[in-house]
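Each chain, written out:
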Amino acid sequence: MTATTHEAGHHADEPTGLTRWLVTTNHKDIGSMYLLFSLAMFLVGGAMALVIRAELFQPGLQLVDPYFFNQMTTMHALVMIFGAVMPAFTGLANWMIPLMVGAPDMALPRMNNWSFWLLPFGFAILLSTLFMPGGGPAGGWTMYPPLMLQTGTAFPFVIFAIHVLGISSIMGSINVVATILNMRAPGMTLMKMPLFVWTWLITAYLMIAVMPVLAGAITMLLTDQYFGTTFFSAAGGGDPVLYQHIFWFFGHPEVYILILPAFGIISTIIPAFARKPLFGYSSMVYATASIAFLSFIVWAHHMFTVGMPLAGQLFFMYSTMLIAVPTGVKVFNWVATMWRGAMTFETPMLFALAFVFLFTIGGFSGLMLAIAPADFQYHDTYFVVAHFHYVLVTGAVFAILAAAYYWLPKWTGHMYSERLGQWHFWLSVIFVNVLFFPQHFLGLAGMPRRIPDYSVQFADWNMISSIGGFGFGFAQLLFVWLLFKCIRGGEKAEARAWEGAEGLEWEVPSPAPHHTFDTPPVVR
Amino acid sequence: MAHAEGGYYVPHGSNWPIVGSVGLTALVVGIAMYLEAMSAGIWVMSAGALITLTMVVGWFGDVIREGVKGLYSDQVDRSLRWGMIWFIFSEVMFFAAFFGALFYARHLSVPWLSGEDPATSRVLWDSMVLSWPTAGPGNAGLEWQPMGPWPLPTINTLILLTSGMTLTAAHHALKEGNRARLITFMWATVALGVLFSGLQAYEYYEAYAHLNLRLETGIYGSTFFMLTGFHGAHVVIGTIILAVITLRCMKGHFNPESHFGFEAAAWYWHFVDVVWLGLFIFVYIL
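Residues numbered from 1 in each chain as written. Chains lettered and ligands numbered in written order. Predicted model: local features only at pLDDT ≥ 70, side-chain atom pairs only at ≥ 80, totals over all residues. Heavy atoms only, no water.

(A) Broad picture of the overall build of chain B. Along chain B, the regular secondary structure elements total eight helices and two strands. Each helix (α) and strand (β) of chain B, taken in turn from the N terminus, gives the series β-β-α-α-α-α-α-α-α-α. Taken along the three principal axes of its C-alpha coordinates, chain B extends 75 × 45 × 35 Å. Here chain B holds 286 residues, and the buried ones make up 51% of them. Taking the contacts inside chain B whose residues are at least 6 apart along the sequence as the reference set, 71% of them involve residues at least 24 apart. The average position of the 12 basic charges and that of the 18 acidic charges among the side chains of chain B differ by 10 Å. (Helix = DSSP H or I, 4+ residues; strand = E, 2+ residues; numbered from the N terminus. Buried < 20%, exposed > 50% of the residue type's maximum accessible area, 1.4 Å probe, protein only. Contact = heavy atoms within 4.5 Å. Lys, Arg positive; Asp, Glu negative; His and termini not counted. Charge placed at Lys NZ, Arg CZ, Asp CG, Glu CD.)

(B) Layout of the interface of chain B and chain A. Residue-level contacts link 70 residues of chain B with 75 residues of chain A. Where chain B abuts chain A, roughly 6300 Å² becomes buried across the two surfaces, and 71% of that area is made up of carbon and sulfur atoms. Our count for the chain B to chain A interface comes out at one salt bridge. In this structure, glutamate 66 of chain B engages arginine 110 of chain A in a salt bridge whose closest nitrogen and oxygen atoms are separated by 2.8 Å. Taken together, the links from chain B to chain A amount to 15 residue pairs in polar contact (both at pLDDT 80 or more). Of all elements in the fold, only strand 1 (3-5), strand 2 (8-10), helix 1 (16-35), helix 2 (41-68), helix 3 (74-116), helix 4 (118-125) and helix 7 (218-250) of chain B reach the threshold of two or more residues within the side of chain B that touches chain A. Its residues assigned to classes, the side of chain B that touches chain A comprises 44 nonpolar, 21 polar and five charged. (Buried area = accessible area lost by both parts, 1.4 Å probe. Salt bridge = Lys/Arg side-chain N within 4 Å of Asp/Glu carboxyl O. Polar contact = N/O pair within 3.5 Å; in protein donor to acceptor, adjacent residues only side chain to side chain. Nonpolar A, V, L, I, M, F, W, Y, C, P; charged D, E, K, R; others polar.)

(C) A look at the packing of aromatic side chains. Under the definition given, this model contains 73 aromatic pairs over all chains. On the basis of an interplanar angle of 45° and a centroid distance of 6.4 Å, the ring pair of phenylalanine 280 of chain B and tyrosine 284 of chain B is categorised as tilted. With phenylalanine 280 of chain B and tyrosine 284 of chain B both in helix 8 (residues 260-285), this residue pair falls four residues apart, about one helical turn. Overall, phenylalanine 280 of chain B belongs to the buried group, its relative accessible area being 12%. Judged by its relative accessible area of 3%, tyrosine 284 of chain B falls in the buried class. The ring of tryptophan 21 of chain A carries the charged tip of arginine 20 of chain A above its face, separated from the ring centre by 4.4 Å. (Phe/Tyr/Trp six-rings, centres within 6.5 Å; stacked < 30°, edge-to-face > 60°. Lys NZ or Arg CZ within 6 Å of the ring centre and 35° of its normal.)

(D) Region of the structure containing a nonpolar patch on the surface. Residues and elements named next belong to chain B. A cluster of nonpolar residues, Phe103, Ile281, Phe282, Ile285 and Leu286, forms a patch on the protein surface that exposes about 430 Å² of accessible area. Per-element tally for the nonpolar patch: the top contributor is helix 8, with three residues. Mapped onto the elements of the fold, leucine 286 is located in the segment after helix 8. (Patch = residues over 30% accessible without salt bridge, like charges linked within 9 Å, V, L, I, M, F, W, Y side chains within 5 Å. Areas by Shrake-Rupley, 256 points an atom, 1.4 Å probe, with all protein chains shown as cover.)

(E) Broad picture of the packing of helix 3 (residues 66-101) of chain A against helix 6 (residues 195-226) of chain A. Residue and element names in this part refer to chain A. Between helix 3 and helix 6, whose axes approach to 11 Å, the crossing angle comes to 135°. Considering the angle they form, helix 3 stands oblique to helix 6. Crossing of helix 3 against helix 6: the hand is left-handed. Contact residues: Phe82, Met86, Phe89, Thr90, Leu92, Ala93, Met96, Ile97, Met100 and Val101 in helix 3; Phe196, Val197, Trp200, Met207, Met211 and Leu214 in helix 6. Of the residues contributing to the contact of helix 3 with helix 6, the split by class is 15 nonpolar, one polar and no charged. (Axes fitted to C-alpha atoms, helices over the stretch in contact; angles between N-to-C directions. Parallel < 35°, antiparallel > 145°, perpendicular 65-115°, else oblique. Left-handed = near helix turned anticlockwise from the far one by under 90°.)

(F) View of the domain arrangement of chain B. In terms of domain boundaries, chain B breaks down into domain 1 (1-72) and domain 2 (73-285). Inter-centroid distance (C-alpha atoms) of domain 1 of chain B to domain 2 of chain B is 26 Å. (Domains from an automatic or database assignment.)

(G) Spotlight on helix 10 (residues 310-322) of chain A. Its 13 residues give helix 10 of chain A an end-to-end C-alpha distance of 19 Å, which sits within 8% of 18 Å, the value for a rise of 1.5 Å per residue. Listing the buried residues of helix 10 of chain A in full gives Gly312, Gln313, Phe316, Met317, Ser319 and Thr320 of chain A. (Expected span 1.5 Å × (residues − 1).)

(H) Highlighting the confidence of the model for chain A. Within chain A, residue pLDDT values average 95, and 97% of them lie at 70 or more. The low-confidence segment residues 1-12 of chain A, where pLDDT is below 50, has 21 contacts with residues more than four positions distant or belonging to other chains. (pLDDT = per-residue confidence, 0-100.)

(I) Structural detail: the side chain of threonine 320 of chain A. Residue and element names in this part refer to chain A. On the secondary structure map, threonine 320 appears in helix 10. Overall, threonine 320 belongs to the buried group, its relative accessible area being 10%. Within the local environment of threonine 320, its side chain forms a polar contact with the backbone oxygen of phenylalanine 316, the two atoms lying 2.4 Å apart. If we skip the residues at most four places from it in the chain, threonine 320 touches Val298, His301 and Ala370.

(J) Summary view of unusual backbone geometry. Following proline 145 of chain A, the chain continues to proline 146 of chain A via a peptide bond in cis, the omega torsion being 0°. Structurally, the position occupied by proline 146 of chain A is in the loop between helix 4 (109-128) and helix 5 (154-182). Residue proline 151 of chain B is reached from tryptophan 150 of chain B by a cis peptide bond, and omega for that bond is -5°. Relative to the helices and strands, proline 151 of chain B is located in the loop between helix 4 and helix 5 (152-176).

(K) Spotlight on the packing of helix 14 (residues 382-412) of chain A against helix 16 (residues 459-488) of chain A. Residue and element names in this part refer to chain A. Direction vectors running N to C along helix 14 and helix 16 enclose 15°, while the axes themselves pass 11 Å from each other. Relative to helix 16, helix 14 is oriented roughly parallel. You can see that helix 14 and helix 16 cross each other, and the crossing is left-handed. Of the residues in helix 16, those touching helix 14 at Val393, Phe398, Leu401, Ala404, Tyr405, Leu408 and Thr412 are Phe472, Gln476, Phe479, Leu482, Leu483, Cys486 and Ile487. Considered class by class, the residues forming the contact of helix 14 with helix 16 number 12 nonpolar, two polar and no charged.

And the structure:
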């Protein structure tokens, strides 16, 4: 392949100011926008969580109207899933995948711009519903009919906002797949790719497969509401449970969309700070693929209590338990990587270690929930809330924070303040457990989720959980401050900012220049 | 400016994505306002549709101009191919949701409502007997007929299969450098697409006018019209794409070695074709 055109001084005519960000096709610019957008949404969703925890601080109704409380639980989930975690991973993919595979940019750079810029627009629509007559959606992020169909004016706006976010995710994923399959540097065979790239390839595949299914489900909701279809109404021969099946056929792979890139991050960071190659690279790849495959055949474990046939319950129970096998492989490999490693405990490593411990707790509570007869007791209790917050907060969010600390020197060219980072970590890890661990007890004792008031016997643990919530929430402001300082200045970072860091991204200077790998590196 | 160095090609920035975001947002907000009976809805929707259309024309125009200028390397060509393949896969999964709804209703929820699951049927609609096709227990007194496979759907099946053949013939003509034959077969394909859409519209007219089969006719009407309707929309879009490609052929675009735009349109058309075969079997025949 040879150059076809070369226009001298082409870097000089790049637009500046706001226009630069509106029209950019640069993967680093777009990655930064994704990450900053995600941080903003993390704070917005976090504020909503604090409204929830403030109301639950004591039994009785004190601060907000119950209907508004329900809007908060619904919006908190939608904002955190579609606004914070998914864009953060996409931002990391944008920044790191081209650098990791030795490509000059993403495969489809203009579409990349569009997939980012749909996000702020989609969230403008979604968040605006809070101010509409009848308020925002309040039926839970899963939007089950018939409850969801009782939403006020906000209803069609919510549906279309999710369509827009879905389009954004699909385009972002197509871009990731095309980049990984087509833009790797010579010599970068599939089984030489960093695990973050592998996990993202599989995540992107999952997203392309299931986001359209969600689009189908919410389209049926829309036509049931406005055009007289009866997909989810028994009167017309439909079934509300049909919605749950379609939704969770999307929803379960979605759960792994939210965690597989985190596995990739942890598999990058632990070897760097244990100063040993990752234990069992190929088994990690196969385990990730197995998890992705299983994610398509376990969805009904979210709905054990709807009245499924016994055969269905047994199938979904056993298939769900199978997931513990590849996940166990991963946890084993992370531990084996650290075995006899020369470990140091900088902030990224601390978050990665906390991930290994705390995500595993979330995995175990997931196994408990997978047992169909036991799930009849746990279903829709705070035990479920505790479970998915262990995998999503101490899992996905901790991995994103670990990644941010790990790659901040590459992005900004400065080392972050290690002292602030350590404070951020210890405050986060302590408060997050104060926040979520008691919710296991509440759930096992029978406290239902998505309820603004509760019986007095749940008062103590709720108060402790709320204290943890505010502690964890405010601890994140330390991260914002640290980030601000790190962008503004700090100790100059070397190209290889971490002694044990491996990978092509550390071969380019810190901060990574605007254009990298204009000519492909050769990987041996 | 577009530049390529050392074999890599990175396109310059583009205004179209942000135009597309504004357009798409206006479009969906307008539709939502319209659905909630807000008077400005129709205007917002129209403006959004217009902006989105401008974006589609402008963006594809840029890509076509760059392609014709020969700016795209083999690697860009492969990226576009992967992009199109995975886009079509996402479309397949969109249809899968509606096929899933059909299968679930036919094989699970309707039999359960009809007494196979005694608890459900006794509580909801005691002693109601339902069999497919059904409009559900709430429409028990409704007089209506389902849409059979004969004659229109079968004719339409033949039309779509023929259009697949004419399209392949056009592709062969393109690869052999026979421009006249290429253009003839392309127009034949477009004509067959238009014919299909016309017959499908006539079938809908028949359903509403003579069979009393409507979108509101229970789960049968819901699955029938949503599946055939989304398919029909894809046929219309596919026909427009093929027409644009045909006009490009007439302007002398594409050569026997490099014609990804043509191939992408052909893939899309074959995908629409295959979805129809699924519809023909599961919606019309079985």
